[in-house]
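Here is how the chains run, residue by residue.
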Amino acid sequence: MAEAGAVKGASVVVVGGGVTGLSAAWWLAREGVDVLVLEKGIVGWEASGRNGGGATHAYSPLFREEQRLWPMMDELLGYPTEYRRGRIRVALDAAQLEHYELTSRLAQSQGFTVDRLDARALQELVPYVGDDVAGGLFWNYGGHANPQRTVQGYAWALQDRGGRILQHATVREIRVAGGRAIAVVCDQGTFGCDAVVLAAGPHTARLAAGFGVAVPVVPARAEMIVTEPLPLMRHGGVDGNGLYGRQTLRGNLAYGGGPHEWIEIDGAATPRAVNSPVVRSLARRLRELFPRAAHVRVIRSWAGVVENTPDGRPILDRLADPANVVIATMSSVGFGLSPASGRAVMQLATAGSCDFADLTHLGLGRFAGLAPDWYRDRGWVPWSSGDGAAPAC
Amino acid sequence: MTEPLDSTAIAGKVFPVRAHVPVVVVGAGPAGLAAALEAARLGLAVLLVDEHPVGAGLIGMDVPLQFGERMDAAVRNKPRMLERVVAARPGIEEAFAMGVDVQLGVYAWGAFVDGPTSRAQPRPLLALADDERSWLVSWDRLIVAAGARDLAVAAPGWDRPGVMGARAFAAALDLYGAFNGRRLVVLGSGVVGLETALRAKAAGLDVAALVETADAPQGPAALVDAVRRTGIAIATRRCVAAIAGTTEVERVVLRGLDDGTTHEIACDTVVTAIDVVPNVELFDLLGCRVAYRAPHGGFVPDVDGDGRTSAPAVFAVGDCAGLSDAGLGDPATAIAAGRRAARAAARDLGRTDVPADGAPPAAEPVADRDPALRRWIAAQAAEGGDALVVCQCENVTLRDLLGVRPPAYLDYDAAKFAGRNLHSLAAEGPLNQDQIKRLTRAGMGPCQGRRCREQVQALIALRSNAPTGSVPLPSFRAPLRPLPLSVLSADDEPAELRANWTAWFGIPAQWLPHWEKAPEDAEFWGGRVPIPDATK
C-alpha cells in the first residue's frame, strides 16, 4: 500500500468497491477519466461477490444494454467472467409452468424469444430433473456469470486503464461546499474530487445523510448454498422451484432464495453475514428441483447483505444538490445489470444523463414525501421472537 | 409487537427443533466425555454427539480427517464401527449409564446463534445430521470438544491412496480398528510424528523411516529416545521428492536438503505427522473470537480459565481450544478442562452450589509450532516447484496459487496476469486467504479446504515475508461436513415458510417494468413461485 499521503485526489471518487462502483469506475477509466475507488474492505467482498450470478433482468430499462454487453465482457475487461448465455426455467408442475410463462412476457414484449420445453426435451438438457417434471422454458436471452471472478475483473481492468483502488479505506464523510462535493474523507486521508459516485450499498444512506440527502434503503441478509461439482449440463443457467442460481462452469450447483432477514448495520461496520436454518430449506428445494442430484453433497453456504429501496428498484440519479454527486444503488439486484449500470453511472457522472436507457423513474425524487419510518410499515425491521430465552452469544 | 411483519422474511418463522437440551457437548474424546460426565453428575440433561464412526462416503473424501483410503472395508459396516468406537472409548459406556444422551455417528454441521445479522431464532441452535437426515436441537450451553484435525503438506504424489494424516492414522488404528497398511513412512519428528511412529510400532506395524526437514529430531528428548530404541531410522535434513507407485503408494523418494541426493524407501503408507490443527470451525461459525497462537497450534478461540469463549454460552475444551505440549500422551489436561467447563455451565444454569474447580488451569503451551510448519512447507514448495498441486480438489498448482491464476478450465489471457501475483495483491492491502480462494479456487473443493488451508496460509505468509498468523483465518461455512441434499433437506420446515417462500424479496414493484412508475398497490407476482404441495 502506498503511503496514505501519496494518494492524490481524483476527478471522480467512487465510494464503494462493490460491483456497481467498480463497473462505474471501469467505465469512467475507459473514458479517460481519472478515477479513484475507495473500498472499506476488499473489492467485491460482500454481496457483489456472493450472489446467484444471474444476468437476466427484463424489468429493467438497462435490460437491453445488459444483454448487449455481457457477451462482450470477457473481451472488454480482458479477464474471464465465466459468462454464458441463456436460461432454463424448470417447472415442477402446471402452476409453476404458468407462472414462468407469465414472467417471460416482459422479455418477449421487448423482442426476446422463449422456447417451450416439454418434459422430455427438458430432461435431455437438464438430466438432474425428475421423471414427473412438468416442462420448462428456454430463454434465448439472459445468462449468468461468476460474480467473484467478474468483480475482480472489473477491479483489474480499471487498474489496467490507470484507475486507482484504495482498499481498507472506510469513508467517513463526503465534504460539500457551495452545492458541490469537494472531497471524500476516509481514514487514510482526504481526497479532493470534481465528482462523487456514491455506490456504498447499505452504507449509501448513512453517507448521503451526511450531506443532507435522504436515500431510503434498508439492509437485509440473504443466503445461498453450493454443492460439490457435478458433470456439466449443456446450459448451466437452470433454475426454478423458487430458487435462483446456476451450475457453475466448475460444475457446482449454487442456489439461493427464500426468506431474507432485515438487519441493522452499526455505523460503518461490516457485519459478518451468517447463515441460518434456511440452508436446509434451500437444500429441500434444490432436491425437489433436481431429484436425480439428491445424493450430491452441499459443501458450503454463504450469506450476503444487500440493500433495498421502498419499491425494490434502483436509484440511479445525478443529484441537483450537491450537483456533482451520483447516487447508485441497485436495490438488491446489482450484479447482472452491472455492465449496464456502470455505463449509466459513468454517463450520469460525466454528461449528467444516460443516453441509452430511460432512467426517469429511477430518480431519488420518486421518494419525496416518503414517511421517515416507511420501512416499519412494511415490517422491514430486524425481528426477534423476543421470548428472552436466548443467552447472549 | 403491533408492527406488521414482512411475510417473506425470516421474521416469525421458527424452525422446528427435535429437542431442547440444557447442555450439548460436541466431541466424545477425553475432554468432551469428561465434560458430559461431569455435567450429568451435576444433574444436568446432556446431549453428547460425536461424528465417529463417520460414513464411508466421507472417509473416501478425507473428511473430517485425511484418511488416505487406508481403511479396510469394515468401515462400511456402521453397526460394527459403532461397537468399535464404544469399545475404544470406555467413557462412552459410563456416559450411557449416567443417562447422557450419547449420539454417535452424528455430525455437528452448523450452529446458529443471535448476532448482528441473525436475530430471528428464539434459542441458539445446533445443526446435526447422520447419514440419513438432518435436524436441529436448541441448547443453553454448548461445550465444544471438537479435537484437532490433520495438517496436510503437499508433496509430489500426495494425492495417491496411502497418504494420510496422523489423526486419521490414530483413528483408523485405535477407533475404527480398520487400518489396512503395513509399512509406514512418517513425516515429521515433532511430538505428533514421534507419537505416531511409536503407536505404529506398538501395533506391530513396520515403520520404515521417520523423516524430518530440520537437522535434528524436533520433539521431546524422551520421545526421541523412545523412537530410537525401537530401531526406527530418523532421516533428518530430508524432504519428500516423490510419493510413487502404480496407483497407490509403493515407495517414497527422499531428497537430501544439503546434497540433493535421493534415496527410495518402500512403503504402503505415508503418514503426514508434522503437526495437527485445532478444530475451530464451530467457533468461527458461532462468531467466537479466535486468535493465532503458534504454541497452541494455530487459530484458537479466546477462552477464560473455564474454557468460556467470547460467546458466553459456548465453551471450548481439549485440543480445539489449543494443543498442549504433551501431545496425545497426556489426556489429564483435556479431562480437567472438560470438567471445569461443565461446572461453569452448571453454575450458569442455576447450580450456584457448584464450586469452581480447585485445580489450577493447565500450563499454557510454550513450544512454538510455527517453525516446523513453515520449514516443511518451504522445503516441499521448493522441491515440488510450480507444478506442485497444493489444492487437490480443485487442482490448483503452486504456480496458480502464487500467480493468483484462474482455474485451468477457463481460457484466459496469460499476459494479463504477468504482473499479477501474491506480491501485487499484497501491495493493495493485507492478503486474505478468502480472496485468494475466490481467485484461484484453492480451498473451494469437496474436502472443504481441510487439506490445503494451512498450506495456503503458510505459503501466503512465506511469500509475503509475513508472520503466519498475520494471514486471517479463512472462513468456515455450514455445512461443516459435506452433506447430501437429501440429508440436509428440511422435510420438517414450518408451513408458513413454505407458503411464503419467494425466490427473492417479496417486493411487488421490483418485478414490474422499471420504466413505468411503480404502482401504489402492486399485486405481488414476480418472485413468488407456487411451491408444490409438500405432500406431493
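Residues numbered from 1 in each chain as written. Chains lettered and ligands numbered in written order. Predicted model: local features only at pLDDT ≥ 70, side-chain atom pairs only at ≥ 80, totals over all residues.

Undergrad: Run through the overall build of chain B, naming residues and quoting values.
TA: Helices and strands together make up the secondary structure of chain B, namely 16 helices and 22 strands. Here the C-alpha atoms of chain B give a radius of gyration of 25 Å, agreeing with the 24 Å that 2.2 N^0.38 yields for 536 residues. Considered along the principal axes of its C-alpha atoms, chain B spans approximately 80 × 70 × 45 Å. Residue burial in chain B is summarised as follows: out of 536 residues, 58% are buried. (Helix = DSSP H or I, 4+ residues; strand = E, 2+ residues; numbered from the N terminus. Rg over C-alpha atoms; globule rule 2.2 N^0.38 Å. Buried ≥ 20, exposed ≤ 12 C-beta atoms within 10 Å, placed from the backbone.)

Undergrad: Tell me about the overall build of chain A, and name the residues and values.
TA: From N to C terminus, chain A includes 10 helices and 17 strands. Taking 393 residues into account, the globule formula puts the C-alpha radius of gyration at 21 Å, and chain A, at 21 Å, falls close to it. Across its three principal directions, the C-alpha atoms of chain A cover 65 × 55 × 45 Å. Buried residues in chain A amount to 64% of all 393 residues. Across chain A, every contact between residues at least 6 apart in sequence was considered, and the portion connecting residues at least 24 apart equals 74%. (Contact = placed C-beta atoms within 7 Å.)

Undergrad: Would you mind going over the domain arrangement of chain B in detail, with residue names and values included?
TA: Partitioning chain B into domains gives domain 1 (19–51 + 106–148 + 277–348), domain 2 (391–448 + 464–494) and domain 3 (504–536). Just the C-alpha atoms count here: the centres of domain 1 of chain B and domain 3 of chain B sit 43 Å apart. (Domains from an automatic or database assignment.)

Undergrad: Please provide a residue-by-residue account of the environment of P259 of chain A, values included.
TA: As for its placement among the helices and strands, P259 of chain A is situated in the loop between β13 (253–256) and β14 (261–262). On the basis of neighbour counts, which here come to 27 C-beta atoms within 10 Å, the residue P259 of chain A falls in the buried class. Once the C-alpha coordinates of P259 of chain A and A222 of chain A are considered, the two residues, 37 residues apart in sequence, prove to be 7.3 Å apart. The contacts of P259 of chain A, once residues within four sequence positions are left out, are V278 of chain A together with T8, A9, I10, K13 and L497 of chain B.

Undergrad: Let's hear about the sheet that holds strand β13 (residues 251–256) of chain B: which residues, and what values?
TA: Residues and elements named next belong to chain B. Across the sheet, 3 strands lie side by side as β12-β13-β14; this open sheet has antiparallel pairing. Two strands bound the open sheet, and with one partner strand each, they are β12 (238–244) and β14 (262–266). Neighbouring strand axes in the sheet, compared pairwise and without regard to direction, differ in orientation by 30° on average. Two elements, β13 and β14, share 5 bridges in a ladder whose sense is antiparallel. By the bridge assignment, V253 is partnered in β14 with E264. On top of the sheet, helix α10 (residues 370–384) reaches β12 and β13; it is set at about 50° to β12, its chief contact. (Pairing = 2+ DSSP bridges. Axes fitted to C-alpha atoms, helices over the stretch in contact; angles between N-to-C directions.)

Undergrad: So what's going on with the pairing of strand β8 (residues 180–186) of chain A? Residues and values would help.
TA: All names here are of chain A. Strand direction decides the pairing type here: strand β7 (residues 171–177) and β8, joined by 6 bridges, are antiparallel. Note that in β8 the partner of R175 across the bridge is A183. Connecting the antiparallel pair β7 and β8 is a turn made up of 2 residues, with G178 showing a positive phi of about 60°. Judged from the 4 bridges that link them, β8 and strand β9 (residues 189–198) form a sheet pairing that is antiparallel.

Undergrad: Explain α10 of chain B to me, using residue names and the numbers behind them.
TA: All names here are of chain B. Over its 15 residues, α10 runs 21 Å from end to end, which matches the ideal 21 Å to within 8%, given 1.5 Å per residue. Taken as a whole, α10 has its buried residues at D370, A372, L373, W376, I377, A379, Q380, A381 and G384. Against the buried residues of α10 lie β12, α11 (398–402) and α14 (453–463). Backbone geometry just downstream of α10 places G385 in the positive-phi region, at approximately 70°. (Expected span 1.5 Å × (residues − 1).)

Undergrad: Outline the environment of T204 of chain A, listing residues and values.
TA: Residues and elements named next belong to chain A. Inspection of the secondary structure assignment puts T204 in helix α7 (residues 204–209). Sequence-wise, T204 and P291 are 87 residues apart; in three dimensions their C-alpha atoms are separated by 42 Å. Residues in contact with T204, not counting those within four places in the same chain, are L198, V215, V217, E307, I327 and T329.

Undergrad: For the packing of helix α6 (residues 191–202) of chain B against helix α7 (residues 221–229) of chain B, give the residues involved together with the corresponding values.
TA: Residue and element names in this part refer to chain B. Two elements in contact, α6 and α7, have axes whose closest approach is 10 Å; the angle formed by their N-to-C orientations is 35°. Along this stretch, α6 crosses α7, giving a crossing that reads as left-handed. Where α6 approaches α7, its residues V191, L194, E195, A197 and L198 are matched on the opposing element by L223, V224, A226 and V227. Looking at the contact of α6 with α7 residue by residue, the classes come out as 8 nonpolar, no polar and 1 charged. (Left-handed = near helix turned anticlockwise from the far one by under 90°. Nonpolar A, V, L, I, M, F, W, Y, C, P; charged D, E, K, R; others polar.)

Undergrad: Can you lay out the interface of chain B and chain A for me, pointing to particular residues and giving the numbers?
TA: Interface size is commonly expressed as the accessible surface area that is lost when the partners come together. The interface is formed by 87 residues belonging to chain B together with 89 residues belonging to chain A. Taken together, the elements giving at least two residues each to the side of chain B that touches chain A come down to β6 (134–144), α13 (433–440), β22 (483–484) and α15 (485–488) of chain B. Looking at the side of chain B that touches chain A, its residues break down into 53 nonpolar, 17 polar and 17 charged.

Undergrad: Let's hear about the nonpolar core: which residues, and what values?
TA: If you look at the biggest cluster of nonpolar residues, it comprises 313 residues, and the most contacted ones within it are V15, V197 and L198 of chain A together with I143 and V144 of chain B. For V197 of chain A, the contacting residues outside a window of four places in its chain are V12, V14, V15, G21, A24, V326, A328, V345 and A349 of chain A. (Core = buried A, V, L, I, M, F, W, Y, C linked by C-beta atoms within 7 Å.)

Undergrad: Go over the pairing of strand β15 (residues 297–308) of chain A, please, and point to the residues and values.
TA: For a regular strand, side chains alternate in direction, first toward one face of the sheet and then toward the other. Counting buried positions over the 12 residues of β15 of chain A gives 12, a clear majority of the element. Of the strand pairs in this sheet, strand β10 (residues 218–227) of chain A and β15 of chain A are connected by 10 bridges, and their pairing is antiparallel. Residue pairing across strands places M224 of chain A opposite W302 of chain A, the latter belonging to β15 of chain A. Here β15 of chain A pairs with β22 of chain B via 2 bridges, running antiparallel. Bridged to R297 of chain A within β22 of chain B is P484 of chain B.

Undergrad: An account of the confidence of the model for chain B is needed here, citing residue identities and associated values.
TA: Per-residue confidence for chain B averages 94 on the pLDDT scale, and 97% of its residues sit at or above 70. Both confidence scores are given for the complex: pTM 0.96, ipTM 0.96. (pLDDT = per-residue confidence, 0-100.)

Undergrad: How would you sum up the sheet that holds strand β9 (residues 183–187) of chain B? Please name residues and give values.
TA: Adjacent strands of a sheet form backbone hydrogen bonds with each other and so pair up, either parallel or antiparallel. All names here are of chain B. Spatial ordering of the open sheet is given by β8-β15-β9-β10-β11, a layout of 5 strands whose pairing is parallel. The open sheet is flanked by β8 (163–165) and β11 (234–235), the only strands paired with a single partner. In the sheet, strand β10 (residues 206–211) pairs with β11 via 2 bridges, with the strands oriented parallel. The residue of β11 that forms the bridge with V211 is A235.

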